[in-house]
Amino acid sequence: MIAGLLSCVGAAAAGTYQGVASHDGTQWEISWSNVWPTCSFKSLSSSSPSVLLATIDGVDRDLTRYNISVNNITGKNYLTFLPSPPGVLSKMTFQGQDSFQCDGHTFLLPGYVAPTAIPTMSEWAMILLGVLLAGGAALMIQRRRPAA
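All values reported here derive from a predicted model rather than from experimental measurement.

Peer 1: Which parts of the structure should I look at to understand unusual backbone geometry?
Peer 2: Working note: non-glycine residues mostly have negative phi, and peptide bonds are mostly trans. Here D57, not a glycine, exhibits a phi torsion of approximately 50°, which is positive. Relative to the assigned elements, D57 resides in the loop between strand 8 (52–56) and strand 9 (59–62).

Below, the structure is given as structure tokens:
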């Protein structure tokens, strides 16, 4: 269970922030631009593994085993993991999710993929399709009747 990931202070307009991952040769840094710095990260500690996972070079790694520091500096929130292996970070999850919330703000983790919209038909398109199907069925029934 995570002990205090975020502390929320004050009220601000809700926003959505995309996390950006970078590796400086020794550690991974995940940062979010936060123009309303009301959500400041606190210490991230876990008594259960697999809470904070990252896929680096196709290998899932439990980041709670690394030394994690959390900062809020000049309007940016940072998570750093030290020491951490270099490579290509393709996805991160926190408690099985690809984002987390604080005080109405949504923080998207690196590798977040927005859900794709499923196209639907309007009410009138459904009515028109129903009329076309009924007309086609009536036409087929009419053609199958034997001539007397």
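Peer 1: Would you mind going over the sheet that holds strand 9 with me for this structure?
Peer 2: One key point about sheets: their strands pair by backbone hydrogen bonds, in either a parallel or an antiparallel sense. With respect to topology, three strands assemble into an open sheet ordered 9-8-12, the strand pairing being antiparallel. Two strands lie at the open edges of the sheet, namely strand 9 and strand 12 (89–94), each paired on one side alone. For this sheet, the mean inter-axis angle between neighbouring strands, taken without regard to orientation, is 20°. Where strand 8 lies against strand 9, four bridges are found, and the strand directions are antiparallel. Residue I56 lies in a different strand from strand 9, and its bridge partner there is V59.

Peer 1: What exactly am I supposed to notice about the pairing of strand 14 (residues 105–108) here?
Peer 2: The side chains of a regular strand alternate, first on one face of the sheet and then on the other. Residue alternation in strand 14 divides its side chains into two sets, H105 and F107 and T106 and L108, and both sets are buried. Relative to strand 14, strand 3 (residues 16–18) runs parallel, the two being bridged by three bridges. Bridge assignment links T16 to a residue of strand 14, and that residue is T106. The hairpin formed by strand 13 (residues 99–102) and strand 14 contains two residues between the paired strands, and D103 there has a positive phi angle of roughly 50°.

Peer 1: Would you explain the side chain of T106 in this entry?
Peer 2: Relative to the helices and strands, T106 resides in strand 14. When its relative accessible area of 15% is taken as the criterion, T106 is described as buried.

Peer 1: How should the environment of D24 be read in this particular structure?
Peer 2: Inspection of the secondary structure puts D24 in the loop between strand 4 (20–23) and strand 5 (28–33). Using a relative accessible area of 55% as the deciding quantity, one classes D24 as exposed. Sequence separation of D24 and P86 is 62 residues, and the distance between their C-alpha atoms is 8.4 Å.

How each quantity is defined
Residues numbered from 1 in each chain as written. Predicted model: local features only at pLDDT ≥ 70, side-chain atom pairs only at ≥ 80, totals over all residues. Heavy atoms only, no water. Helix = DSSP H or I, 4+ residues; strand = E, 2+ residues; numbered from the N terminus. Pairing = 2+ DSSP bridges. Axes fitted to C-alpha atoms, helices over the stretch in contact; angles between N-to-C directions. Buried < 20%, exposed > 50% of the residue type's maximum accessible area, 1.4 Å probe, protein only.

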